[in-house]
Number of protein chains: 2
Amino acid sequence: MVKKTGGALFSTLNIDTSSNRPLYRQLETKLRQLILGGELAARTRMPATRQLAADLGISRLTVKNVYEQLIAEGFLWAKQGSGTYVEQLQSNALRPQSVAEKQHVVQPDPSLPPRARSLGHSKATTRLDRVRAFRPGIPALDLFPRRAWADAYSRVLRANNDDFLGYGSSSGLEELKQAIAGHVLDHRGIKCSSSQVIITSGAQQAFSLIAMTLLEPGDVTWMEDPGHIAIRDSMRLLGGDVRSVPIDVEGFSLKYAIRNYPKSRVIFTTPSHQHPLGVVMSLQRRLDLLDFANQSESWIVEDDYDSEFHYTDRALPALQALHSGGRVLYVGSFSKSLFPALRLGYLICPSELASSFAAAQTLLSQNVSLLQQKTLANFMVDGNFNAHIRKMRLTYRQRRDRLISSLEQHAPDLFELEPCHAGMHLIGWLKVPQASDSEVAECIWAAGVDCLPISIFCDKQRLRPGIVLGFACAVEDQIEGNVMRLTEAVRYYLSAQSGA
Amino acid sequence: MVKKTGGALFSTLNIDTSSNRPLYRQLETKLRQLILGGELAARTRMPATRQLAADLGISRLTVKNVYEQLIAEGFLWAKQGSGTYVEQLQSNALRPQSVAEKQHVVQPDPSLPPRARSLGHSKATTRLDRVRAFRPGIPALDLFPRRAWADAYSRVLRANNDDFLGYGSSSGLEELKQAIAGHVLDHRGIKCSSSQVIITSGAQQAFSLIAMTLLEPGDVTWMEDPGHIAIRDSMRLLGGDVRSVPIDVEGFSLKYAIRNYPKSRVIFTTPSHQHPLGVVMSLQRRLDLLDFANQSESWIVEDDYDSEFHYTDRALPALQALHSGGRVLYVGSFSKSLFPALRLGYLICPSELASSFAAAQTLLSQNVSLLQQKTLANFMVDGNFNAHIRKMRLTYRQRRDRLISSLEQHAPDLFELEPCHAGMHLIGWLKVPQASDSEVAECIWAAGVDCLPISIFCDKQRLRPGIVLGFACAVEDQIEGNVMRLTEAVRYYLSAQSGA
């Protein structure tokens, strides 16, 4: 049985001859929709090309090409000497789907897989969009030598060497690995060969690689609390059993961890400058931690996130540098020493793990942009990288001093400032101990100023309320104005609280 | 008890005054090593600064600064009016470590964690270093508009907008997401909003995100066999129970999978152009697959890896475009349409999963380089992207024709060529069915020509021997020479085999 052509149906096709989309694409898409939607039923005879062209006011050739394309795709079939018919396709897709109606639901769907649901609860994605003072962890983007970088990039790209456009080795570009090995020797006392360096797209990717390579599902990992939000969440997502370890005056509380938790497979720590509290791990604690890792065959992940910026003393050498035993994985990043959009970081691992990490990198995301790697290698070899760090060390010290003096002037009754000898942020403890720092932070954001509440870094720990203020990205002459706006917001919040 | 200063020990310090490394760093590092190595024992009294300076031929101030630094670090302590002593540190790190000796072992260490060991067996890392003809999956790097790209990058960087140096949103830059939504509508018939687009650092990272977001450990995933090596390995690494599904003339054999395997959570497929066989999935099979996914609540991952390059007909619309039911995840890449070192790709997901994927991206690697994202968005909006694809479509067709004619001329007795209407590679089936294609490939590599054996894509399937030849990256006038070298290598291998 051959069905009749739906003339009325075709007159609703609404081809827009003034659109930028080619006519054949418009017609093709609409006919597919009519067939898949069941409006053009199986075995319907299609109008003759001449007739449809006339009805739509388009050329016959266009209609003919569309029919041919849809025949090739299996939507239509042509019967010799008889005409063109809609193919007989069996599918529930030909009826409207109930699932389709879910597409505009805003609430997380309870039918989502468990991981997809739990991902909705991560606090790690908080406000990563625009940069404002005093966002923690952002360097002085206003002072980056853009021209020098653009020129370096352009030179690599136009050097007529196809290799830098390809994939490259998954562990990274040899020249960059050598430059990094030289940098960590000079700055952090780390002796390693370039074969121990794995280039990553930032520190967070290094942590993912570590979890994928060293953790079995359910393995215990010890993690500083307060500590790095995204590491904690990613370890949990990748199957780690994360246990929170408090910080004492010497840093990571090893005794607490040993007393309270099962043996760990991986220990995350920030010995140079605890994130976010700023405690420097004592030498004895470092040695204890290394001894423990050796005895228990755990891996220590040393996150050296802002080690380039020490203002009073030089930094202690890295944990990795104290140790010949191959149980430390050292993670560094260029997001803070250069800029985040570069997306380059590195992992220094024991030699026997290097090939496993390189393979994990291939499976996780193939590799890191070779073009940006080569640009950075040149930038380091030419001395631009060291010069920039030296300059930023002076700048950040000035910005820190300006922030401290502004807070001391405008808010001596509100904040007790944690001493700050290193890094890119300052902690202001609220002198009103019953305040909620997350509510205070929201009021500050609403006033157009950035910060993070201490509580966002906490897992089990309950600390007194405080806010973390990043000074590195704050332009000097705007610091005082921002402090005044911030102070006003906090005062407003506190008065509303005490009035309530 | 105070130990005596080891005078002989200090005379072996070997400070190199002609080195680029500052003297204080050299001295500091060596003293730390002596203390950690146990050669300078606890409570040893250090030589006076004046004496050590004289012994080493360096300034007293340098020695004084080094002592102060090591006191600050906890290696030494100063007793008022008495001198400087080595701190009493308790650690097994003070003795040479047995683990240290393992560092130069070449064989994978059996004491490595299971995942680290299994990563050593992945075939996905094969030869990603330099680009040669006929490497599969590499575009025409020689014809990329380098100058236009470098200028676009430079304009973004120097626009004095700090936002493009920062982190940006973890799902990607809105302008780029809109440009991609427009591109997939025009080229693949996909209707989606920019909020469904997640920017990734290439297709492989999209697959990792999918596994991290949708798979629970042990979930069954159905995967084409032969198929994409790195997807298969990464799904296994991330805990998926991968089952291999053969390909028939209509594509992915759904019947085989339903008959033989437990219900899948995720189904990986390349419907437009099966990887690597090139089969185009029939419309009926597409509809069957969509129906199955709806009924069984599985997710289909549509890897549309080289859909831009069809030479005879236009491509079929994407699976995603046939479907209103939100069970298809569409993955695209710019590694093949532009160049691999860009490290940009995308995932188009159902709306209700978008926020979970954005959170997973944050945890996996924060986000993708905003600077490259913005450059690409401008490149697309300006029409450069479409112009490049159009040009490459012509170029690749010419390169394909040249490769086919060269093989037909020089090796009609060796290869049966699979018809090739799309994509960037050609399959040559070996006419000697008992040959090992991996051995043949090794001979070809040794002759300076690239290719991949079909067997490397296989999991359980045993196909007849064949090689995959990428023609996109092969410069026209070098194609015949490379074919001759390749042919000679194969003949040499076959004669050695028949002689053996």
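Residues numbered from 1 in each chain as written. Chains lettered and ligands numbered in written order. Predicted model: local features only at pLDDT ≥ 70, side-chain atom pairs only at ≥ 80, totals over all residues. Heavy atoms only, no water.

**Re the packing of helix α12 (residues 354–365) of chain A against helix α9 (residues 203–214) of chain B**
Cut-off, in case you're wondering: To get an axis, a line is fitted to the C-alpha atoms, and for a helix only the part in contact is used. The angle between two axes follows their N-to-C directions and goes from 0 to 180 degrees. The helix count covers DSSP runs of H or I at least four residues long, the strand count covers runs of E at least two residues long, and both are numbered beginning at the N terminus. An angle below 35 degrees is treated as roughly parallel, one above 145 as roughly antiparallel, one from 65 to 115 as roughly perpendicular, and anything else as oblique. Whether two residues are in contact is decided by their heavy atoms: any pair within 4.5 Å suffices.
In the contact formed by α12 of chain A and α9 of chain B, the axes pass within 5 Å of each other and the chain directions differ by 85°. Looking at the two axes, α12 of chain A sits roughly perpendicular to α9 of chain B. Between α12 of chain A and α9 of chain B, the contacting residues are Thr362, Leu363, Leu364 and Ser365 of chain A on the first element and Gln204, Gln205 and Ser208 of chain B on the second.

**Details of the sheet that holds strand β15 (residues 466–470) of chain B**
Residues and elements named next belong to chain B. Worth spelling out the cut-off: Only strands joined by at least two bridges in the DSSP assignment are considered to pair.
Read across the open sheet, the four strands follow the order β12-β13-β15-β14; overall the sheet is antiparallel. At either margin of the open sheet sits one strand with a lone partner, and together these are β12 (415–417) and β14 (452–453). Across the face of the sheet, helix α15 (residues 384–410) comes into contact with β12, β13 (425–430) and β15 while running at roughly 145° to β12.

**Looking at the sheet that holds strand β3 (residues 197–200) of chain A**
Residues and elements named next belong to chain A. Taken in spatial order, the seven strands make up an open sheet running β3-β11-β10-β9-β8-β4-β5, and their pairing is mixed. Where the open sheet ends on each side, the last strands, each with one partner, are β3 and β5 (241–245). In this sheet, neighbouring strand axes are inclined to one another by 20° on average, regardless of whether the strands run parallel or antiparallel. Examined bridge by bridge, strand β9 (residues 299–303) and strand β10 (residues 328–333) share four bridges and lie parallel to one another. Across the sheet, residue Val301 finds its bridge partner in β10, namely Leu329. Where α12 meets the sheet, it contacts β3, β10 and β11 (345–348), and its direction lies at approximately 15° from that of β3.

**Remarks on the packing of aromatic side chains**
In this description, a pair of aromatic rings is defined by centroid distance and the angle of the planes. What counts, and what does not: Two aromatic rings from Phe, Tyr or Trp, using only the six-membered ring of Trp, form a pair when their centres are within 6.5 Å; if the ring planes differ by under 30 degrees the pair is stacked, by over 60 it is edge-to-face, and anything between is tilted. Each residue gets one of three labels from its accessible area relative to the maximum for its type: buried under 20%, exposed over 50%, partly exposed in between, using a 1.4 Å probe on protein chains only.
The full count for this structure, using the stated rule, is 27 aromatic pairs over all chains. Look at Trp149 of chain B and Phe339 of chain B: their rings are 5.9 Å apart centre to centre, the planes differ by 90°, and that puts the pair in the edge-to-face class. Linking Trp149 of chain B in helix α7 (residues 146–157) with Phe339 of chain B in the loop between β10 (328–333) and β11 (345–348), this pair joins segments that are 190 residues apart in sequence. Its relative accessible area of 0% is what places Trp149 of chain B among the buried residues. Between Phe207 of chain B and Phe268 of chain B, the aromatic rings sit 5.8 Å apart at their centres with planes inclined by 75°, giving edge-to-face as the arrangement. Here the residue Phe207 of chain B occupies a position in helix α9, and Phe268 of chain B occupies one in strand β8 (residues 266–269), the gap between them amounting to 61 residues. Residue Phe268 of chain B is classed as buried on the basis of its relative accessible area of 2%. Chaining the aromatic ring pairs together yields one cluster made of Phe144, Trp149, Phe339 and Phe379 of chain A.

**Comments concerning the interface of chain B and chain A**
The condition is simple: Should a side-chain nitrogen of Lys or Arg be within 4 Å of a carboxyl oxygen of Asp or Glu, the pair is scored as a salt bridge. Side-chain classes follow a simple rule in which Ala, Val, Leu, Ile, Met, Phe, Trp, Tyr, Cys and Pro form the nonpolar group, Asp, Glu, Lys and Arg form the charged group, and the remainder, Gly included, forms the polar group.
Every contact between the two is made by 122 residues of chain B and, on the other side, 121 residues of chain A. Along the contact surface separating chain B from chain A lie two salt bridges. A salt bridge links Arg146 of chain B to Asp162 of chain A, with the nearest nitrogen and oxygen atoms 2.7 Å apart. For the side of chain B that touches chain A, the leading source of residues is helix α13 (residues 354–365) of chain B, giving eight residues. Of the residues belonging to the side of chain B that touches chain A, the class tally is 53 nonpolar, 41 polar and 28 charged.

**Quick look at the pattern of salt bridges**
If you walk through the whole model with that rule in mind, you get 32 salt bridges over all chains. The shortest N-O distance in the salt bridge between Glu28 of chain B and Arg32 of chain B comes to 2.9 Å. A residue pair is termed a helical-turn pair when its members lie 3 or 4 positions apart in one helix, as Glu28 of chain B and Arg32 of chain B do in helix α2 (residues 23–36) at four residues. Through salt bridges with shared partners, one network takes in Asp142, Arg399 and Glu476 of chain A.

**What to know about the relation of the copies chain B and chain A**
Filter applied, for reference: Least squares is the method used to superpose the copies, on C-alpha atoms of residues holding a pLDDT of at least 70 in both.
With an RMSD of 0.0 Å, the fit of chain B onto chain A corresponds to turning through 180° and sliding 0.0 Å along the axis. These values place the two chain copies in the arrangement generated by a two-fold rotation axis. Both copies contact each other with a shared surface, as 99% of the interface residues of chain B are interface residues in chain A too.

**A short note on the side chain of Lys336 of chain B**
As a reminder, the rule being used: In summary, the charge assignment counts Lys and Arg as positive and Asp and Glu as negative, without counting His or the chain termini.
The residue Lys336 of chain B is located in the loop between β10 and β11 in this model. No salt bridge is formed by the buried Lys336 of chain B; the nearest opposite charge belongs to Asp303 of chain B, separated by 7.7 Å. Filtering out sequence-adjacent residues up to four positions away, Lys336 of chain B remains in contact with Tyr167 of chain A together with Gly137, Pro139, Tyr305, Asp306, Phe309, Tyr396 and Met424 of chain B.

**A closer look at the pairing of β10 of chain A**
Residue and element names in this part refer to chain A. With six of six residues buried, β10 is to be regarded as a mostly interior element. Burial along β10 is two-sided: Val328, Tyr330 and Gly332 facing one way and Leu329, Val331 and Ser333 facing the other are all buried. Bridging between β10 and β11 involves four bridges; their strand directions are antiparallel. Each bridged residue has a counterpart across the sheet, and for Val331 the counterpart in β11 is Leu347.

**Some points on unusual backbone geometry**
With omega at -5°, the peptide bond leading from Ala133 of chain A into Phe134 of chain A counts as cis. By the secondary structure assignment, Phe134 of chain A is in the loop between α5 (114–119) and α6 (146–157). Cis geometry is found at the peptide bond from Asp225 of chain A to Pro226 of chain A, where omega equals 5°. Along the chain, Pro226 of chain A falls in the loop between β4 (220–224) and α9 (229–237). The backbone phi angle of Glu297 of chain A is positive, close to 55°, even though this residue is not glycine. Position of Glu297 of chain A among the secondary structure elements: in the loop between α11 (283–296) and β9. Glu297 of chain A sits in the exposed class, given a relative accessible area of 52%. Even without being glycine, Arg343 of chain B reaches a positive phi, approximately 55°. With respect to the helices, strands and loops of the structure, Arg343 of chain B is situated in the loop between β10 and β11.

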